[in-house]
Amino acid sequence: MKRLWKLYLGSYEGLSRPVWMLAVIMLINRSGAMVIPFLGVYMTQSLNFSLTETGTVLSCFGIGAICGSWAGGWLSDRMDHFNIQLFCLLLCIPIFCLLPALTDPLSLSAGVFVLSVVSETFRPANSVAIASYTKEENITKAFSLNRMAVNLGFSIGPALGGFLAAFSYRLLFYGNALSCAIAAMVFYAFFRKRAREHHKKTSERPGRKKGTSPWKDAQFVLFSLFCCLYTICFFQLLNTLPLFYREVHMLDEWNIGLILGFSGLVVFSLEMLLVHIAEKRLSASAVIILGTLLCGASYLMLLLPGSLIILYTSIFVLCISEILAMPFMSTVAMQRATAETRGAYMGMNSLAFSVAYVLSPFLGTRIAHNLGFDMLWSLTGLVTILAALGFWWVMKRMKL
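Residues numbered from 1 in each chain as written. Predicted model: local features only at pLDDT ≥ 70, side-chain atom pairs only at ≥ 80, totals over all residues. Heavy atoms only, no water.

1. Examining the overall build of the protein chain
Inference 1: Across its full length, the protein chain holds 15 helices and zero strands.
Inference 2: Its C-alpha atoms put the protein chain at 55 × 45 × 40 Å along the principal axes.
Inference 3: Within the protein chain, the proportion of its 400 residues that are buried is 58%.
Inference 4: Considering only intrachain contacts with a sequence separation of at least 6, the fraction spanning at least 24 residues in the protein chain is 87%. (Helix = DSSP H or I, 4+ residues; strand = E, 2+ residues; numbered from the N terminus. Buried < 20%, exposed > 50% of the residue type's maximum accessible area, 1.4 Å probe, protein only. Contact = heavy atoms within 4.5 Å.)

2. Notes on the pattern of salt bridges
Inference 1: For the structure shown, the criterion picks out two salt bridges.
Inference 2: A salt bridge links arginine 336 to aspartate 217, with the shortest nitrogen-to-oxygen separation between them at 2.8 Å. With arginine 336 in helix H13 (residues 308-336) and aspartate 217 in the loop between helix H8 (170-191) and helix H9 (218-234), this residue pair connects regions lying 119 residues apart in the sequence.
Inference 3: You can call aspartate 217 buried: its relative accessible area is 7%. (Salt bridge = Lys/Arg side-chain N within 4 Å of Asp/Glu carboxyl O.)

3. Let's talk about a nonpolar patch on the surface
Inference 1: Nonpolar side chains collect at one region of the surface, where Ile156, Leu160, Phe163, Phe167, Leu171, Tyr174, Trp254 and Leu258 lie side by side and expose about 740 Å² of accessible area between them.
Inference 2: Broken down by secondary-structure element, the contributors of at least two residues to the nonpolar patch are helix H7 (139-165), H8 and helix H11 (253-281).
Inference 3: With three residues, the single largest contributor to the nonpolar patch is H7.
Inference 4: Positionally, phenylalanine 167 belongs in the loop between H7 and H8.
Inference 5: By relative accessible area, phenylalanine 167 is classed as exposed at 61%. (Patch = residues over 30% accessible without salt bridge, like charges linked within 9 Å, V, L, I, M, F, W, Y side chains within 5 Å. Areas by Shrake-Rupley, 256 points an atom, 1.4 Å probe, with all protein chains shown as cover.)

4. Some points on the packing of aromatic side chains
Inference 1: Scanning all chains against the criterion turns up 20 aromatic pairs.
Inference 2: Between phenylalanine 220 and tyrosine 345, the ring centres sit 4.9 Å apart and the planes meet at 50°, which makes this aromatic pair tilted. Placement of the pair is phenylalanine 220 in helix H9 and tyrosine 345 in helix H14 (residues 342-371), with a sequence separation of 125 residues. Tyrosine 345 shares its class with phenylalanine 220; the two are buried.
Inference 3: Grouped by ring-pair contacts, the aromatic residues Phe82, Tyr133, Phe187, Tyr188, Phe190 and Phe191 constitute a single cluster. (Phe/Tyr/Trp six-rings, centres within 6.5 Å; stacked < 30°, edge-to-face > 60°.)

5. Observations concerning unusual backbone geometry
Inference 1: Although it is not a glycine, asparagine 48 adopts a positive phi angle of roughly 60°.
Inference 2: Mapped onto the elements of the fold, asparagine 48 is located in the loop between helix H3 (35-45) and helix H4 (51-76).

6. As for the packing of H9 against helix H12 (residues 284-300)
Inference 1: It is at 10 Å that the axes of H9 and H12 come closest, and there the two elements cross at 25°. Here H9 is positioned roughly parallel relative to H12, judged by the angle of their axes. Handedness of the crossing formed by H9 with H12: left-handed. Residues Phe223, Tyr230, Cys233 and Phe234 of H9 form the contact with H12, whose own contacting residues are Ile288, Gly291, Thr292, Cys295 and Tyr299.
Inference 2: The residue inventory of the contact of H9 with H12, partitioned by class, reads seven nonpolar, two polar and no charged. (Axes fitted to C-alpha atoms, helices over the stretch in contact; angles between N-to-C directions. Parallel < 35°, antiparallel > 145°, perpendicular 65-115°, else oblique. Left-handed = near helix turned anticlockwise from the far one by under 90°. Nonpolar A, V, L, I, M, F, W, Y, C, P; charged D, E, K, R; others polar.)

7. Thoughts on H13
Inference 1: Between the first and last C-alpha of H13 there are 42 Å, a value that for 29 residues agrees with the 42 Å anticipated at 1.5 Å per step.
Inference 2: Of all the 29 residues making up H13, 23 are buried; the element is thus mostly covered by neighbouring parts of the structure. (Expected span 1.5 Å × (residues − 1).)

8. Some words on the environment of serine 350
Inference 1: Within the fold, serine 350 resides in helix H14.
Inference 2: Expressed as a C-alpha distance, the spacing of serine 350 and arginine 123, which sit 227 residues apart in the sequence, is 7.1 Å.
Inference 3: With residues up to four places along the chain from it excluded, the contact list for serine 350 reads Ser69, Arg123 and Pro124.

9. A short note on the confidence of the model for the protein chain
Residues shown with low pLDDT carry predicted positions that ought not to be read at fine detail.
Inference 1: Summary statistics for the protein chain give a mean pLDDT of 83 and a share of 92% for residues scoring 70 or more.
Inference 2: Counting contacts from residues 201-209, a segment whose pLDDT is below 50, to residues more than four positions away or on other chains yields 19 contacts. (pLDDT = per-residue confidence, 0-100.)

10. Observations concerning the environment of glycine 264
Inference 1: Tracing the sequence through the fold places glycine 264 in helix H11.
Inference 2: On the basis of relative accessible area, glycine 264 is assigned to the buried category, the value being 0%.
Inference 3: Along the backbone, glycine 264 and isoleucine 25 are 239 residues apart, and their C-alpha atoms lie at a distance of 16 Å.

11. Section: the side chain of asparagine 126
Inference 1: Residue position: asparagine 126 is located in helix H6 (residues 105-132).
Inference 2: Residue asparagine 126 is classed as buried on the basis of its relative accessible area, which comes to 5%.
Inference 3: Setting aside anything within four residues of it in sequence, one finds asparagine 126 in contact with Leu22, Met26, Gln85 and Asn146.

12. Focus on the side chain of threonine 44
Inference 1: Take threonine 44: it is sitting in helix H3.
Inference 2: By relative accessible area, which is 15% here, threonine 44 ends up buried.

13. A closer look at the nonpolar core
Inference 1: Ranked by size, the top nonpolar core spans 121 residues in total, and within it Met43, Phe191, Phe223, Leu237, Leu241, Tyr245 and Phe391 carry the most contacts.
Inference 2: Top contributing element to this core by residue count: H13, with 14 residues.
Inference 3: Not counting residues within four places of it along the chain, the set of residues in contact with methionine 43 comprises Asn48, Phe49, Thr54, Val57, Leu58 and Leu108. (Core = buried A, V, L, I, M, F, W, Y, C linked by side-chain atoms within 4.5 Å.)

In structure tokens, the structure reads:
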């Protein structure tokens, strides 16, 4: 036990104070992340949208995420990442407050699209900020710490959201706006004097042309495509999985929130330790492939008969998949970039996730509606196997 505790503490070594503060700000922001996990349930239960209407609105979030990822990457190579992050946090406040007034599919689709553009513009700038305050050998740890904060917040937000939804769904939107406001204030207070300290630091990689566009990096484009396939499967967590809990297992909002909160708690507890071990014992390729296969296994478990034990076991395996795959995907993107193209590469990395935001709810809800949830989970398992084979093929050819 003592050795394990020492190993756990060692996984945090080498991270700077600004990186820790970025994680704290992310924790504050994500602790109020109540809207997106319950958006599908809100539309079907409160607004009486059909499954296809719900999938369409959720897909608009993904379309906005594509635009935001591109804009965030483009802006991050031209502007201070401090200003981008601050403006995005501030702009989210009025958007969340206005969303409860949008009660038909068309207007809510437009509102969700705008919210997504703003929130996803934040992501590449945040990734560039993490890299600028981190030594190269600690970059995976830094991304893991940030994601750990996201998932700790995600363990709080849905649980709190499930409690508030029992009173009124409107409280979810106002709570999310409040968390953005607090995060913006803390961010401004800590980083306003540090905004340009590391903005122009560069860590040029030999053999790469200065300023090479990620769109001209064919291997990275393929890598991003397989990241997209993985995230299409993974993001069923935010779209069809809560609907599956509600419609098949008849869980109420509180119990759905507890399961989603449990997932965040698992990632918070284990991510830094597992990433620290994986960095020392496995290649990035092996870790990403293993994580991808575990994603498929978690959804295939939902085909088994059972109740809460199966649901919690499945979400636990999905958490391990997330821990292993996602930090190393971000690290690969940062390692392929130069200092001048970090924003563009992280923008493409975010773009892979954003395309999945579109396709995941659009395909997931339609497959579930027309063919049933069992077929959805079976196809998800098949796609993860194809993605794992793709990662194996392309990462053999990538020189990191």
